[in-house]
Amino acid sequence: MRAPLLLAVVTTGALTLAACGSDNNAAPATSAASSAASSAASAGSSAMSSASGSASSSAAMSSSGSSSSAAGSTAGGAALTFEGAGFTCAEGTLRSSGSTAQGKVMEQWIADYNSLCNAEINAYGGGGSGKGIQDFTGNQVDFAGSDSALKEDQAAAAKDSRCAGNTAIDLPMVTGPIALAYNVSGVSDLTLTPAVLAGIFNGSITSWDAPEIAEINSGVTLPALAIQAVHRAEDSGTTENFTKYLKAAAPDAWTFDAAKAWAAPGGVAAQGSDGVSKQVAGTDGSIGYVEWGYAVDDGLNVAKIDNGAGAVELTAESAGAAVAAAEVTGTAPDLALKLDYATQESGVYPIVLVTYEIVCSAGNGDNAAILKSFLGYTATDGQAVLTDLGAAPLPSEIQTQVVEAVSSLS
């Protein structure tokens, strides 16, 4: 009985240290912590598994300052664990590709799962949400990552050509806050509103000392510096979510359709999340929309967002609150979500995306066991690593539904 508790304590310390270290050191420490948590779960009874998971969840909350509702814990306060939720290791390999928003997370998850289960899951292919869905429908991968749920025609195509007549479902797995990362000399505290963001990215606001920006940043010395807005070059779920936000929160200022392909004129295009972040980091006066983890890795400042209830800083807690308020629009086991981008709820960071794992509900053949096992890991113990990777864990009410859906895969 003592061994699992001691390992849980070690896990807590490891995660806390990971949060205090550099980005280069965070991943190994997190991996070790995740493995320790899983080992603790294996060593004890079901009750001890819950205790170990609770310790892992507490460590993640400690490093991010988030509440239990944003840390993937259950209503009762004990985090869902891999073994506690009934999952076991399995043999086999998996192929995957898609959203770059979850690239860092998926790399960590695969490494941790392979270590825990002595498995050989292949490296995540990336390539963007559009490619992931195309690869999945074309039977090139076992599951795909997408920053938006399957559209009706995509779901129909996947059912007919990929899932042997079974439904293709959306499983929300990663809460990925979209950071408005900027590089403006002398400015380290910046607030933006939906209308101002729309003006910056549609090209109507062209200088950092524009009155529209100055009005909402009293006391900040803004330079007379040209704005360079950076957007994604390829079809991207991040672009679709960002433009959904602009369309919902600033309908008068943003007149373009929400879509994976960038439609507004002007600006600079960059390939992938990493490309956008690097472009912003290398250009004074630039701003881009990018997953939080990339902005953190490149040392970029991130703007606060004021949707009407005051400026909100991007944190795991404020991003998780947006997902907790989302409406489930899919029919179980499909868990497609509808986010309220125009929310004026205090303390909610509104620009978030949810990365889904797209998978067949049934008809997975010989890979069914390893698919269920791996996705079961990502939905449980894997949630504890997210805050160190610039993402936010699933809120408890969503996590519980994801675990149930994964358990039903066949």
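Data block above holds the structure.
Just so it is clear, the model here is predicted, and its values are computed rather than measured.

### What about the state of the cysteines?
Note on terminology: a disulfide is the covalent bond linking the sulfur atoms of two cysteines. Within the structure shown, the criterion is met by 2 disulfides. Paired by a disulfide, Cys89 and Cys117 hold their sulfur atoms 1.9 Å apart. Residues Cys89 and Cys117 are joined through a disulfide that is left-handed, its torsion about the S-S bond being -65°. On the criterion of sequence distance, the pair formed by Cys89 in the loop between helix H3 (46–64) and strand S1 (96–98) and Cys117 in helix H4 (residues 103–117) is long-range, its members being 28 residues apart. Of the residues examined, Cys89 reaches a relative accessible area of 39% and is grouped as partly exposed.

### Details of the side chain of Ser318
Positionally, Ser318 belongs in helix H12 (residues 316–324). Judged by relative accessible area, Ser318 falls into the buried class, the value being 5%. Only 2.9 Å separates the side chain of Ser318 from the backbone oxygen of Glu313, close enough to count as a polar contact. Polar side-chain contacts of Ser318 include one of 3.0 Å to the backbone nitrogen of Thr315. Discounting residues that sit within four places of it in the chain, Ser318 has contacts with Val312, Glu313, Gly347, Val348 and Tyr349.

### Thoughts on the sheet that holds strand S9 (residues 304–306)
The 3 strands are arranged S4-S9-S10 in an open sheet whose pairing can be described as mixed. A single partner strand is all that each edge strand has here, and the edge strands are strand S4 (191–192) and strand S10 (311–312).

### Comments concerning the nonpolar core
The biggest cluster of nonpolar side chains holds 108 residues, and the ones touching the most others in it are Trp109, Tyr113, Leu180, Ile200, Phe201 and Phe374. Residue contributions to this core peak at 10 residues, all from strand S3 (residues 168–183). Apart from the residues within four sequence positions on either side, Trp109 is in contact with Met173, Val174, Glu357, Phe374, Tyr377, Thr378, Gly382, Gln383, Val385 and Leu386.

### Description of the environment of Ala259
Among the secondary structure elements, Ala259 is positioned in the loop between helix H9 (237–249) and strand S6 (268–270). On the basis of relative accessibility, which here comes to 26%, the residue Ala259 falls in the partly exposed class. Distance in space between the C-alpha atoms of Ala259 and Lys244 is 7.7 Å, their sequence separation being 15 residues. Once you skip the residues sitting within four places of it in the chain, Ala259 turns out to touch Thr239, Glu240 and Thr243.

Calculation notes
Residues numbered from 1 in each chain as written. Predicted model: local features only at pLDDT ≥ 70, side-chain atom pairs only at ≥ 80, totals over all residues. Heavy atoms only, no water. Disulfide = S-S within 2.5 Å. Helix = DSSP H or I, 4+ residues; strand = E, 2+ residues; numbered from the N terminus. Buried < 20%, exposed > 50% of the residue type's maximum accessible area, 1.4 Å probe, protein only. Polar contact = N/O pair within 3.5 Å; in protein donor to acceptor, adjacent residues only side chain to side chain. Contact = heavy atoms within 4.5 Å. Pairing = 2+ DSSP bridges. Core = buried A, V, L, I, M, F, W, Y, C linked by side-chain atoms within 4.5 Å.

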